[in-house]
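# Topology and contacts: notes
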Amino acid sequence: MKKVVKFGGSSLASAEQFCKVREIIHADKSRRFVVPSAPGKRFSGDTKVTDMLYACYNAASANSDISGKIASIQARYQEIIDGLGLELSLDEEFAKIKKAFEEQAGSDYAASRGEYLNGILMAAYLGYEFVDAAEVICFDEDGVFDAEKTDRVMRGRLDGLENAVVPGFYGAMPDGSIKTFSRGGSDITGSIVARAIHADLYENWTDVSGFLVTDPHIVKDPVTIETITYRELRELSYMGATVLHADSIFPLRKEGIPINIKNTNRPQDPGTLIVESTCHRPKYTITGIAGKKGFCAINIEKDQMNSEIGFGRKVLQVFEENGISFEHVPSGIDTFTVLVHQSEFMEKEQSVISGLHRAVNPDTLDLEADLALIAVVGRGMRANRGTAARIFAALAHANINVKMIDQGSSELNIIIGVHNEDFEAAVKAIYDIFVMTHL
């Protein structure tokens, strides 16, 4: 059995955390390939190493002396090295970094050094081979990740290795210059490694014991999701739920490799298992609740629009011409609503309105701002009648007015629109009706 284990920044913030990580890895011999992030915060108010690197590089770009900032970053690593009792010197590496910063090597290079150095440290601590991600993660000349080339190169490099450490977050362009994924991209690296070695499981170790049913900032101590499918996770991630970088799902889904979200500080917790499909019945009708604020609705009314061929296409073309993507398009016989991000729409609202008048000549057109969208997601909804009715009942009991409801054909999710100020209360009400009543 082969497992890839990725550890987040909070899991590697100190020597104490490194010790926990080694115990976790050594507890299971199948945990053969390790993907580390850069050291995160050691305590509240601390600074992540990646942020320290960005600040240092910005100072170098302004032609300021960065000796002090480089020394502070090196001190963070030296604290871990000393705490682990390692015979390891990063002096040469920091000399190269300082020189590259002063020569304006690029912000991607700067940001990547946190993972790079932590990879060297982790490999030395575990006695594993260090594989620089710049050798095996490939971007094309336009800076777009090249999945197939990476898979081929990564597989060739790791083939035959019993154990290895591959730092997360970055790769290289064809000319060898460093290119990073978006923030949190170490998750992506972990999934790429898992795909390349045909792993049986990808473990993503962080500071939470799995994926929570909803946002803990809204609901106190929400329950953990035991098992979730890729499709459910995709729906929840799109609506703002975060534990895993959304792009890290695709390489694994393609190969059918499950993901286990685990807690470095509570390794005994089962965490959340993310799978392609499962016969495992969910504990509750719903799997998760997530949402976002800041939407607006463009409501179009026109008598007998349903008989007007191409009406929807003409409406959406106006948004396309203005560079605005839509979120949802609920419609009726004589009504058509387009929900968009308010921040994107406001800059071009008058252009869109005039464009809609020219395109479809509506009877009435009005805007409704400051809306929030909530996604209620769950494979269990297919087998349970009355899910929408229970949502409406919960919201009515909480005196919340529903502005929009939209259910996908897969019956995997229901989207509810409410006013921004009702967002938190709506999430609590839905959580209570589906989860608290079953505890």
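So, a few notes on the structure that sits alongside this text. Just so it is clear, the structure is predicted and the values come from calculations on it, not from any experiment.

Each value, and the rule that gives it
Residues numbered from 1 in each chain as written. Predicted model: local features only at pLDDT ≥ 70, side-chain atom pairs only at ≥ 80, totals over all residues. Heavy atoms only, no water. Helix = DSSP H or I, 4+ residues; strand = E, 2+ residues; numbered from the N terminus. Buried < 20%, exposed > 50% of the residue type's maximum accessible area, 1.4 Å probe, protein only. Contact = heavy atoms within 4.5 Å. Axes fitted to C-alpha atoms, helices over the stretch in contact; angles between N-to-C directions. Parallel < 35°, antiparallel > 145°, perpendicular 65-115°, else oblique. Left-handed = near helix turned anticlockwise from the far one by under 90°. Nonpolar A, V, L, I, M, F, W, Y, C, P; charged D, E, K, R; others polar. Phe/Tyr/Trp six-rings, centres within 6.5 Å; stacked < 30°, edge-to-face > 60°. Lys NZ or Arg CZ within 6 Å of the ring centre and 35° of its normal. Pairing = 2+ DSSP bridges. Polar contact = N/O pair within 3.5 Å; in protein donor to acceptor, adjacent residues only side chain to side chain. Salt bridge = Lys/Arg side-chain N within 4 Å of Asp/Glu carboxyl O. 1 Å grid on protein atoms, 1.4 Å probe; cavity = no way out; pocket = protein on both sides within 12 Å on 5 of 7 lines; lining within 4 Å. Points joined across faces, edges and corners; volume = space filled by probe spheres on them.

Looking now at the side chain of T180. In this fold, T180 is placed in strand 6 (residues 178–180). Owing to a relative accessible area of 11%, T180 belongs among the buried residues under this scheme. In this structure, T180 is in contact with D108, S112, F139, F169 and Y170, ignoring residues within four places of it in sequence.

It is at 8 Å that the axes of helix 1 (residues 15–26) and helix 3 (residues 67–84) come closest, and there the two elements cross at 55°. Considered as vectors, helix 1 and helix 3 are oriented oblique to each other. In terms of crossing hand, the pair formed by helix 1 and helix 3 is right-handed. Here helix 1 contributes A15, F18 and C19 to the contact with helix 3, which in turn contributes I80, G83 and L84. Tallied by class, residues from the contact of helix 1 with helix 3 come to five nonpolar, one polar and no charged.

Attention now goes to the packing of aromatic side chains. On inspection of all chains with the given rule, the structure shows ten aromatic pairs. Taking the centre distance of 5.4 Å and the plane angle of 85° together, the rings of Y57 and F101 count as edge-to-face. Taken together, the residues Y57 in helix 2 (residues 49–61) and F101 in helix 4 (residues 91–102) connect sequence positions 44 residues apart. In this structure, Y57 and F101 share a single accessibility class: buried. Three or more aromatic residues link up through ring pairs in this structure, and these residues are Y57, F101 and Y109. Here R113 stacks its cationic end above the ring of Y116, 4.3 Å away from the centre of that ring.

It is worth spelling out the sheet that holds strand 9 (residues 259–263) at this point. If you trace the eight strands from one edge of the open sheet to the other, you get 3-4-2-1-7-9-10-8, paired in mixed fashion. The open sheet has two free edges, formed respectively by strand 3 (129–130) and strand 8 (227–229), since each of these has just one partner strand. Here strand 1 (residues 3–7) runs beside strand 7 (residues 201–206); their pairing, made up of five bridges, is parallel. In the strand pairing of strand 7, V4 is matched with Y202.

Here we take up the side chain of H341. In this structure, H341 sits in strand 13 (residues 335–341). In this structure the side chain of H341 is engaged in a polar contact, spanning 3.1 Å, whose partner is the side chain of E327. Discounting chain neighbours no more than four positions away, the residues touching H341 are G294, F295 and E327.

Here we take up the packing of helix 1 against helix 5 (residues 107–126). In a packed pair of helices, the relevant descriptors are the angle between the two axes and the axis-to-axis distance. Axis separation between helix 1 and helix 5 bottoms out at 11 Å; the angle between their running directions is 55°. As summarised for this structure, helix 1 and helix 5 are arranged oblique, according to the angle between their axes. Crossing hand, helix 1 versus helix 5: right-handed. Contact residues: F18, C19, V21, R22, I25 and H26 in helix 1; N118, L121, M122, Y125 and L126 in helix 5. Here the contact of helix 1 with helix 5 is built from residues that sort into eight nonpolar, two polar and one charged.

Here we take up the pattern of salt bridges. Scanning the entire structure with this criterion turns up 24 salt bridges. One salt bridge connects E103 with K99, and the closest N-O pair in it is separated by 2.7 Å. One salt bridge in this structure joins R157 and E135, with 3.4 Å as the shortest N-O distance. Separated by 22 residues along the polypeptide, R157 in helix 7 (residues 147–158) and E135 in helix 6 (residues 133–136) bring together distant segments of the chain. The class for R157 is partly exposed, based on a relative accessible area of 27%. Ionic contacts of the salt-bridge type, sharing partners, join the residues E148, D151, R155, R195, K254 and E255 into one network.

Let us look at the layout of surface pockets. As a volume, the second largest pocket reaches approximately 320 Å³. Lining the second largest pocket are 18 residues, and of these T278, H280, P282, R379 and G380 lie nearest its centre. A breakdown of the residues in the lining of the second largest pocket according to their chemical character gives five nonpolar, seven polar and six charged.

Spatial strand order, 12-13-11-14-16-15: six strands in an open sheet with antiparallel pairing. On the outer flanks of this sheet lie strand 12 (326–328) and strand 15 (404–407), each paired with one strand and no other. The average angle at which neighbouring strand axes cross in this sheet is 40°, direction not considered. Pairing analysis gives seven bridges linking strand 14 (residues 364–377) to strand 16 (residues 413–419), with the strands arranged antiparallel. When the sheet's bridge partners are listed, L373 is paired in strand 16 with G417.

All we've got here are geometric facts, nothing functional implied.
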